[in-house]
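The residues making up each chain are set out below.
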Amino acid sequence: MNLAQLREERPLVHHITNEVVMNFSANGLLAFGGSPVMAKEREEVEEIASVASALVLNIGTIRKEDIETMIKAGQAANKAGVPVLLDPVGAGATTFRKQAVQRIVQEVDVSVVKGNAGEIAALADIPLKVKGVDAEEEGDAEEIAVEAAKRIQTMVVVTGKRDVISNGEEFTTSSHGTPLLGSITGAGCLLGSLMAACMAIEKDKKEAALFALEFYNKAAERAEKKAVGPGTFIPHLLDELGKDDD
Amino acid sequence: MNLAQLREERPLVHHITNEVVMNFSANGLLAFGGSPVMAKEREEVEEIASVASALVLNIGTIRKEDIETMIKAGQAANKAGVPVLLDPVGAGATTFRKQAVQRIVQEVDVSVVKGNAGEIAALADIPLKVKGVDAEEEGDAEEIAVEAAKRIQTMVVVTGKRDVISNGEEFTTSSHGTPLLGSITGAGCLLGSLMAACMAIEKDKKEAALFALEFYNKAAERAEKKAVGPGTFIPHLLDELGKDDD
Amino acid sequence: MNLAQLREERPLVHHITNEVVMNFSANGLLAFGGSPVMAKEREEVEEIASVASALVLNIGTIRKEDIETMIKAGQAANKAGVPVLLDPVGAGATTFRKQAVQRIVQEVDVSVVKGNAGEIAALADIPLKVKGVDAEEEGDAEEIAVEAAKRIQTMVVVTGKRDVISNGEEFTTSSHGTPLLGSITGAGCLLGSLMAACMAIEKDKKEAALFALEFYNKAAERAEKKAVGPGTFIPHLLDELGKDDD
């Protein structure tokens with residue numbers, strides 16, 4: 001994964017994402033080196049998704065009518081060979097969300113699904129307790145990642161204290177980061193934006209996802225040292241995302 | 001009010017709130033010790049509101065179709081015994097807003113209404129001049145709080161230089177805070193989120209509201225000392241919300 | 001342009017704007033001295049736009065149904081003599097956007113159109129390459145500003161390394177700012193909010209726009225000196241917007 005190339009090319013990442021994190025995702029992606037666009041009108045998403053370098057579908061504050069919009073954008077991305085990342089935020093919290101993400105993975109060829117254990121388990125119909133949008137960390141993250149990747153037939157990233165990437169056969173783990181990432185909203189959503197940007201540059205999906213994961217978590221570790229609490233952590237994290245790793 | 005218990009239980013606060021403040025409210029609530037969820041699709045709000053620990057209805061950027069969604073969520077919360085806080089943002093600014101909040105208080109059993117003098121007066125049909133979403137501070141805050149609580153038949157919090165809590169019979173005032181809270185958007189909305197979280201832990205609504213009010217305003221006083229202006233005030237305020245009150 | 005008067009009167013600026021930048025625009029305008037309101041329900045926008053001091057129409061995350069809402073608000077502002085600023089975000093990125101802004105300038109008497117070269121060129125049907133919402137800087141900014149102002153028959157501000165203001169006959173340029181403004185989302189959108197606030201106070205549109213432009217860019221230059229990267233630049237920029245221009 002060539003970060004210099006990414007920062008030179010500034011890949012355009014089309015987001016159809018949740019309103020809570022739009023600003024933070026855009027600023028984080030800009031700092032990292034990508035270029036965000038957040039158009040969501042059904043009439044234009046195909047036009048944008050097909051010229052973008054990557055597409056992020058995040059169901060955080062999804063409405064019923066957005067499902068069709070996401071599918072249209074996803075299919076346009078598929079046709080144009082643009083990688084698609086799905087973030088099934090809170091997929092286990094309601095029947096509506098679970099059905100929405102299951103429909104998306106059926107109708108769109110998703111390149112990577114990224115979520116916490118509860119969200120991934122819900123999407124792949126692996127039983128697990130969920131509290132709101134954040135999963136109780138139960139069950140074995142590795143097992144969930146492998147099994148979900150097998151069932152959905154795409155690469156899966158399960159985030160948590162230990163992050164796991166699996167293609168359904170083997171898995172890779174990574175254990176960087178800081179608990180402060182759990183104290184700010186949209187930390188996981190922004191990670192998805194970085195992964196999508198990396199997939200635009202690096203065709204090996206696993207290498208792209210792992211690079212984004214480790215770069216992001218190490219930036220967070222550096223930001224933590226400069227932060228007093230979650231409030232000051234945010235600007236420092238954005239600063240660090242613009243730097244080089246080590 | 002037991003803050004340690006709140007931070008242990010991390011109450012899930014379902015927000016149907018305005019898009020301007022979603023990120024700030026989520027980060028502030030996370031820092032304080034709660035867990036935000038911001039789902040707004042009508043098909044799922046009942047499912048979420050009924051398992052949440054509290055529900056916040058904030059009409060800041062409300063659209064016509066959101067009124068029904070808020071009522072559905074509110075009634076589900078009522079059925080499940082989940083406390084409901086209503087923030088009638090800009091209620092006096094338009095006929096549409098006034099009718100929206102009046103319909104909500106008629107159809108939902110709201111636990112607390114929190115707003116500035118102009119908003120509360122509009123909701124309770126007490127005449128007052130209003131400029132945009134921020135009320136001109138005229139009239140007597142205590143009088144408005146008591147009269148509104150009597151008319152709406154629930155607890156009312158009127159925020160301003162002097163904050164007033166009333167149940168329609170008696171009232172309590174509090175005078176902490178800093179003018180910087182008026183220089184950032186969503187300061188009042190975030191206070192509502194903290195009050196809702198406290199109501200999830202403390203059954204005495206007045207004690208819950210008063211605790212949130214004083215904790216928040218004292219955190220703002222500490223943050224003010226570290227801030228140069230409204231921009232640096234924001235991260236410091238979030239940091240302070242995560243600390244203990246001296 | 002009298003900044004002290006603006007800060008005394010705190011002009012109410014009605015925004016129908018994009019969800020990515022709502023919070024940042026509101027905080028920036030508050031810091032500068034204005035008062036933001038972001039209502040977007042079609043039933044109430046006429047009531048608000050007609051009592052506001054200025055109206056901002058920003059199509060960043062526009063949906064089809066928002067076009068009608070913006071036109072209604074714009075026409076109400078026109079009837080009440082309230083200045084209207086149009087920010088044609090990403091106008092060249094899709095047919096949908098281009099048609100939306102072209103319809104708005106046909107049906108609303110827009111006081112100022114502010115955008116980058118690509119956006120302005122798209123709106124005025126001057127051919128130019130566009131990448132996503134951010135234009136490749138090609139073509140001559142002065143030429144685009146003058147030609148667009150002539151075609152649209154209103155004042156045009158083309159932002160870029162060199163900012164250009166034109167009424168279709170003559171033009172003024174300004175060259176302050178920092179590349180960091182391009183590393184955060186909504187920098188241009190916030191500039192639009194400040195211009196709108198200034199137009200509420202200063203009837204000479206060119207003087208108002210130029211004042212906002214230079215005040216904003218000089219604040220950004222000062223903030224840059226205090227910032228480590230784009231993350232810390234944001235709070236410092238907001239702080240600086242609240243100060244006096246030396």
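That block above? That's the structure.
Conventions used here
Residues numbered from 1 in each chain as written. Chains lettered and ligands numbered in written order. Predicted model: local features only at pLDDT ≥ 70, side-chain atom pairs only at ≥ 80, totals over all residues. Heavy atoms only, no water. Least-squares fit on C-alpha atoms with pLDDT ≥ 70 in both. Contact = heavy atoms within 4.5 Å. Helix = DSSP H or I, 4+ residues; strand = E, 2+ residues; numbered from the N terminus. 1 Å grid on protein atoms, 1.4 Å probe; cavity = no way out; pocket = protein on both sides within 12 Å on 5 of 7 lines; lining within 4 Å. Points joined across faces, edges and corners; volume = space filled by probe spheres on them. Nonpolar A, V, L, I, M, F, W, Y, C, P; charged D, E, K, R; others polar. Core = buried A, V, L, I, M, F, W, Y, C linked by side-chain atoms within 4.5 Å. Buried < 20%, exposed > 50% of the residue type's maximum accessible area, 1.4 Å probe, protein only. Pairing = 2+ DSSP bridges. Axes fitted to C-alpha atoms, helices over the stretch in contact; angles between N-to-C directions.

Caption draft 1: Examining the relation of the copies chain B and chain A more closely. Mapping chain B onto chain A calls for a rotation angle of 120 degrees and an axial translation of 0.0 Å; the resulting RMSD is 0.0 Å. Taken together, these values place the two copies in the relation of a three-fold axis. The position closest to the rotation axis in chain B is occupied by the C-alpha of Glu19 of chain B, lying 3.8 Å away. Counting the interface residues of chain B, we find that no more than 4% of their copies in chain A are interface residues as well, pointing to two distinct contact surfaces.

Caption draft 2: Summary view of the environment of Ala4 of chain C. One can find Ala4 of chain C in helix H1 (residues 3–9). Sequence separation between Ala4 of chain C and Val101 of chain C is 97 residues, and the spatial gap between their C-alpha atoms is 34 Å.

Caption draft 3: Local environment of empty space enclosed by the protein. Within the structure shown, the criterion is met by one cavity of 30 Å³ or more. The computed volume of the largest cavity comes to approximately 530 Å³. Looking at the largest cavity, it is lined by 31 residues, and the ones nearest its centre are Asn23 and Ile234 of chain A, Asn23 and Ile234 of chain B together with Asn23 of chain C. For the lining of the largest cavity, the secondary structure elements donating two or more residues are helix H2 (22–32) and helix H10 (230–241) of chain A, helix H2 (22–32) and helix H10 (230–241) of chain B together with helix H2 (22–32) and helix H10 (230–241) of chain C. Its residues assigned to classes, the lining of the largest cavity comprises 18 nonpolar, ten polar and three charged.

Caption draft 4: Focus on the nonpolar core. With 132 residues, the main nonpolar core has Leu237 and Leu241 of chain A, Leu237 and Leu241 of chain B together with Leu237 and Leu241 of chain C as its most contacted residues. Setting aside residues up to four positions removed in sequence, Leu241 of chain C forms contacts with Arg7, Gly28, Ala31, Phe32, Leu190, Leu194, Phe215, Tyr216 and Ala219 of chain C.

Caption draft 5: Here's a closer look at the sheet that holds strand S3 (residues 54–58) of chain A. Residue and element names in this part refer to chain A. As summarised here, the arrangement of the eight strands in space is S2-S1-S3-S4-S5-S8-S9-S10, forming an open sheet in which the pairing is mixed. Looking at the sheet topology across the chains shown, the edges are occupied by strand S2 (35–37) and strand S10 (171–174). In this sheet, adjacent strand axes meet at a mean angle of 20 degrees when their direction is disregarded. In the sheet, strand S4 (residues 84–87) pairs with strand S5 (residues 112–116) via two bridges, with the strands oriented parallel. Bridge pairing in S5 links Leu85 to Val112. Sheet contacts for helix H7 (residues 141–152): strand S8 (155–159), strand S9 (163–166) and S10; angle to S8, the most-contacted strand, approximately 155 degrees.

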